[in-house]
Amino acid sequence: MDSDVQPQAQPIPTRLALIVDADSEVSGALCSVLNSGEWNIVHAPDNLAVLKLVEARPFDLIITGTKSSGKEDIELLRKIRRVRPHVRLIILTDDSTATDVVAAMRERALSYFTSPFSAASLAEIVRCATTEPFWDDGIELVSATPEWISIIARCDKKTADRLVQFLQEMSDLPHGEREDVATAFREMLLNAIEHGGNFDPNQYVEVAYVRTRRSVMCRIKDPGQGFSLEEIHHAAVNNPAYDPIRHVLLREACGLRPGGYGVLLTKHPVDELVYSE
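Quick caveat: nothing in here was measured; it's all calculated off a predicted structure.

Conventions adopted
Residues numbered from 1 in each chain as written. Predicted model: local features only at pLDDT ≥ 70, side-chain atom pairs only at ≥ 80, totals over all residues. Heavy atoms only, no water. Helix = DSSP H or I, 4+ residues; strand = E, 2+ residues; numbered from the N terminus. Buried < 20%, exposed > 50% of the residue type's maximum accessible area, 1.4 Å probe, protein only. Contact = heavy atoms within 4.5 Å. Pairing = 2+ DSSP bridges. Right-handed = clockwise from strand over helix to strand, strands pointing away. Core = buried A, V, L, I, M, F, W, Y, C linked by side-chain atoms within 4.5 Å. Polar contact = N/O pair within 3.5 Å; in protein donor to acceptor, adjacent residues only side chain to side chain. Arc of directions from axis to C-beta. Axes fitted to C-alpha atoms, helices over the stretch in contact; angles between N-to-C directions. Parallel < 35°, antiparallel > 145°, perpendicular 65-115°, else oblique. Left-handed = near helix turned anticlockwise from the far one by under 90°. Nonpolar A, V, L, I, M, F, W, Y, C, P; charged D, E, K, R; others polar.

Some details on the overall build of the chain
Within the chain, the secondary structure is distributed over nine helices and nine strands. Within the chain, the fraction of its 277 residues that count as buried is 43%. The contacts of the chain with a sequence gap of at least 6 include a subset with a gap of at least 24, amounting to 63%.

A look at the pairing of strand E2 (residues 39-44)
Here strand E1 (residues 15-20) pairs with E2 via six bridges, running parallel. Considered in E2, the bridge of Leu 16 is made with Asn 40. For the handedness criterion, the β-α-β arrangement of E1, helix H1 (residues 24-31) and E2 is classed as right-handed.

So, the nonpolar core
Val 50, Ile 62, Ile 80, Ile 149, Ile 151, Leu 163 and Leu 189 are the most contacted members of the largest nonpolar core, which totals 47 residues. Contact partners of Val 50, with chain neighbours within four places excluded, come to Leu 18, Val 20, Ala 44, Ile 62, Leu 76 and Ile 80. Grouped together as the second largest cluster of nonpolar side chains are 21 residues, Val 33, Trp 39, Leu 110 and Leu 122 included.

Here's the deal with the side chain of Ser 68
On the secondary structure map, Ser 68 appears in the loop between strand E3 (61-63) and helix H3 (70-83). On the basis of relative accessible area, Ser 68 is assigned to the buried category, the value being 11%. Looking at Ser 68, its side chain comes within polar contact range of the main-chain oxygen of Gly 65, at 3.1 Å. Setting aside chain neighbours within four positions, we find Ser 68 in contact with Asn 47, Asp 73, Leu 92, Thr 93 and Asp 94.

Describing H1
Within the span of H1, buried status applies to Val 26, Ala 29 and Leu 30. The buried residues of H1 occupy one face: seen down the axis, they fall within an arc of 95 degrees. In this structure, H1 carries Ser 24 and Cys 31 as exposed residues pointing more than 90 degrees from its buried face. Buried positions along H1 lie against E1, E3, strand E4 (89-93) and helix H5 (119-131). For H1, the N-terminal cap is Asp 23; the gap from its side-chain oxygen to the backbone nitrogen of Glu 25 is 3.2 Å.

Here's the deal with the packing of H5 against helix H6 (residues 157-170)
At a closest axis distance of 10 Å, the pairing of H5 and H6 adopts a crossing angle of 140 degrees. In terms of orientation, H5 lies oblique with respect to H6. Every pair of crossing elements has a handedness; the one defined by H5 and H6 is left-handed. Of H6, the residues touching H5 (which contributes Ile 125, Cys 128 and Thr 131) are Lys 158, Asp 161 and Arg 162. By residue class, the composition of the contact of H5 with H6 is two nonpolar, one polar and three charged.

Some words on the sheet that holds strand E7 (residues 148-154)
Across a sheet, strands are paired by hydrogen bonds formed along the backbone, either parallel or antiparallel in direction. Ordered by their spatial adjacency, four strands build an open sheet running E6-E7-E8-E9, and the pairing between neighbours is antiparallel. Two strands bound the open sheet, and with one partner strand each, they are strand E6 (139-144) and strand E9 (216-221). Neighbouring strand axes in the sheet, compared pairwise and without regard to direction, differ in orientation by 15 degrees on average. Bridge count between strand E8 (residues 204-211) and E9: six bridges; the pairing is antiparallel. Its bridge partner being in E9, Tyr 209 is matched across the sheet by Cys 218. Along the sheet face, H6 touches E6, E7 and E8 and points at about 165 degrees away from the line of E7. Packed onto the sheet, helix H7 (residues 175-196) meets E7, E8 and E9 and runs at close to 10 degrees relative to E9.

Next comes the structure, spelled out in structure tokens:
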């Protein structure tokens, strides 16, 4: 006896992404994150087409194309905000300045990438955009110029990743030094968010980034009660020479996640790491 074969229902995409003139590398990175069962992807040739599409229906995520300048994409974002106030928009561009990056932060762009950029980094930010239920109040500019920017940032890892990407885009340092500064900044920011803010999204850290002709200075203030650097035995920086992995056992005993290398990693690439009392 033949049995009836019941066709399996295919999931209907419930979220909508708009991608502008993406090349093969960008498309590959996005396809690795935007699952076809959950996302419906619409392609647009340019910013003018984006505006018309957005006026017709809402999109959960918009990613601009690299052929438009950062300034043009920021103007697009301003126009979209009038129709869709909380849209998630990521700017990709070949033509950018530090002033453009500051303006993008002020207009609450989700993130910003100037070519050449890492497809893996873009994919990670897109993953953040697709999973973060609330995001557009996570980074607040207190004051900002390309030389001196003051920020209040929410105490969660995804906000930290976004902030690191913005500050990397603002930097005019040579590539190697820019990577060193970004690594050091990220480690100290995550320390502040985790140990000072306890990953509590209701808490915020204060960040200042100053760029002079001869130096870069970053200052991070967290909402915690403070600590003594000499007393954090669960950090690798305090391991004795005869026991270079002592902190690993101490972290396990305290129920802390694997890690503890932040201060050690930061002290290597920068000239000075200073803690207040």
